[in-house]
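Residue-level structure breakdown
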Amino acid sequence: MEHVPTSTPCTCRFLCWRLVVAVQACARCCLRFAGESGDIYAAPAPECGALKAALSATNGNAQASEPPITEGRADNADTKTEACPVCLGVLQCMDSGALPSPSSDVTTAVQHASGNPQPWIPVTTASIAAIAEAVKQEDHEFDSFWLDISLPGSTQVRQQAVWHWLRRDAAAAPALPGHSPSVDVTDLKAALRHTLGEPLAQQLCSRQDPDAELRIGLTFAHPATAAEADFLFGSNSKGRGAKRKRGPAHVQLGRSASDALAQAAAKMLEAKFGEEVRIPPLPPAQPAFVFVRAKREAVYVGGYYRKLQRDISHSPFIIDGVRLGRTSIQEELERVVLPHLRCDSSKFISAGREDMDVRMLGSGRPFVLEIANARARMPPPECFDSMAASLNESGVGVEVRKLQPVNRDTLKLIKAGEQEKQKSYLATCRLPCLVTPDVLDKINATENLVLQQRTPTRVEHRRAMLVRQKTIYSMSATPVPDDSHGLMLRLRTQAGTYIKEFVHSDEGRTTPHLSSILGCQEPAKILDLDVLEVHMDFV
Ligand SMILES: *[C@@H]1O[C@H](CO)[C@@H](O)[C@H](O)[C@H]1NC(C)=O
Ligand SMILES: *[C@@H]1O[C@H](CO)[C@@H](O)[C@H](O)[C@H]1NC(C)=O
Ligand SMILES: [Zn+2]
């Protein structure tokens, strides 16, 4: 069969007439079956009754004998705009009038299926303004947005049913645009985007951009048809491909529309399909519920932190309700950065970490704050300088360098840095033996010393018990004035080397250790440790 080009709306009026009169499809679903795409959808929808009248006039009485399918439906489609049996009202959600209010069970089910605590807002008036109003509730600053649309899987089953119905009648065959509904019928999601994308952009004084940070989620839920797509996946395939999330919700929403579902529907033979689904589909008692949620994708702020004082933990360190340390790096960074972004939450990620009693000197340690659902735009560079200055000058002992917006890829660098980058340390130690020129020579001459480190006792509770092999690339030492046993030890090591344990041996769990390479009997002691450098550039 040849594809019928469709350059004007409803090229094949007979097709439209059949859909409108017999199936009671909405005008936009007719456009979909005619293969239309583009701005035509955004025009105010002709009411089905008006379209029907216009089409009947054109077609004369020849086809007027086809009766509308009214089974299970009391109202007369001529007098009232009803929910479309194909799209379940999705393409009518902006055409004025009231939309049904979801019960709290339905709202809970939508919330649960999204796997995210941010609330979904039900839209109960069918208008672009009502959708825009729901978007504005979250008070985001944005220049562009993109619609993330989720539709009931039953819309795809119903589309397939209409397709079969149209093909059953040989007379209608020439009017069919192409071979398969998944190829030749304009996809419902695409049609919805054409229908409300631009009008919504105008309402929001914004524009559409698939890469926009601001995502406007539009979820349509139709519990009454939730089970309609289940047969496509067989009775024994529960779980596989089903993506049913079990949860507290009493309402099942069924599968969402997807390419896989459309393909499964298209692949099934008509006879078998017809055993499961009413062909053509009947109008639903009420249209799908509409939910909206605006959310900014994560944004990232990074830099290097320095920690000039001890007794500061990495993240808040609370045991049995008691805080350890004066403050934490995470809290200090968040305190200066987050108020400018008005976000839901943030995550602190750094290239490794140091203990609470260890300073972080030199050019600092790379970190990234991952910021969820910021309402504000990313501030300009000057603003980051003043955030840095306020932390530097606060006197808490935490400073920040090169604070700036970064992109998501830096997370990979940070994670790689944690595993791979070399670190330099300064350890103040006490040796059991005297610090002689010979001892200093021996230390300075050490290169590529390979250690076997069993998991230290102090981290046993959070790390797997195993022996890690780590390398000290180089060392150098200077004596501590007025202390014949004191040693300032500088080391450059592989990431993940336990320095304290190399010095005091952790009761023999680290071999060799400082004393053992010097030939002293007892293990050495560690008094202080500083990280001098994390050898890594990332911004
Ligand atoms: C904050 O301190 C760091 C050193 O830790 C310095 O490099 C940076 O320039 C300072 N920033 C501001 C804005 O004072
Ligand atoms: C060991 O190296 C340090 C740092 O390079 C140097 O200051 C010190 O003089 C060296 N000591 C000896 C004994 O070579
Ligand atoms: Zn429709």
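So, a few notes on the structure that sits alongside this text. (Residues numbered from 1 in each chain as written. Chains lettered and ligands numbered in written order. Predicted model: local features only at pLDDT ≥ 70, side-chain atom pairs only at ≥ 80, totals over all residues. Heavy atoms only, no water.)

Ordered in space as β1-β5-β4-β2-β3, the 5 strands form an open sheet in which the pairing is mixed. The open sheet has two free edges, formed respectively by β1 (121-123) and β3 (207-208), since each of these has just one partner strand. As defined by bridge partners, strand β4 (residues 214-221) adjoins strand β5 (residues 289-296) across 8 bridges and the pair is classed as antiparallel. When the bridges of β5 are listed, R215 appears paired with K295. Packed onto the sheet, helix α8 (residues 188-203) meets β2 (144-150), β3 and β4 and runs at close to 145° relative to β2. (Pairing = 2+ DSSP bridges. Helix = DSSP H or I, 4+ residues; strand = E, 2+ residues; numbered from the N terminus. Contact = heavy atoms within 4.5 Å. Axes fitted to C-alpha atoms, helices over the stretch in contact; angles between N-to-C directions.)

The zinc ion (ligand 3) binds to the protein through C26 (SG), C29 (SG), C84 (SG) and C87 (SG), with metal-donor distances spanning 2.2 to 2.4 Å. Coordination at the zinc ion (ligand 3) comes from 4 donor atoms whose angles at the metal span 105 to 115°, giving a geometry best classed as tetrahedral. Within one chain, the residues serving as donors to the zinc ion (ligand 3) are arranged as C-x2-C-x54-C-x2-C. Within this pair, whereas C29 is found in helix α2 (residues 27-33), its partner C87 is found in the loop between α3 (48-59) and α4 (104-114), the two being separated by 58 residues in sequence. Comparing C29 with C87, the two get one shared label, buried. (Donors = N, O, S within 2.8 Å, 3.2 Å for Na, K, Ca; no water. Tetrahedral: all angles 85-135°; square planar, octahedral: opposite > 155°, others 65-115°. Buried < 20%, exposed > 50% of the residue type's maximum accessible area, 1.4 Å probe, protein only.)

Now for the site of ligand 1. Every residue close to ligand 1 is listed here: R306, D385, A388, A389, N392, E399, V400 and R401. Side-chain polar atom of R306 to an oxygen atom of ligand 1: 2.8 Å apart, as the coordinates give it. Residue N392 places a side-chain N or O atom 2.4 Å away from an oxygen atom belonging to ligand 1. When contributions to the shell around ligand 1 are tallied by element, the ones reaching two or more residues are α12 (381-392) and β13 (398-406). The dominant element in the shell around ligand 1, judged by the number of residues it contributes, is α12, at 4 residues. (Near = heavy atom within 4 Å. Polar contact = N/O pair within 3.5 Å; in protein donor to acceptor, adjacent residues only side chain to side chain.)

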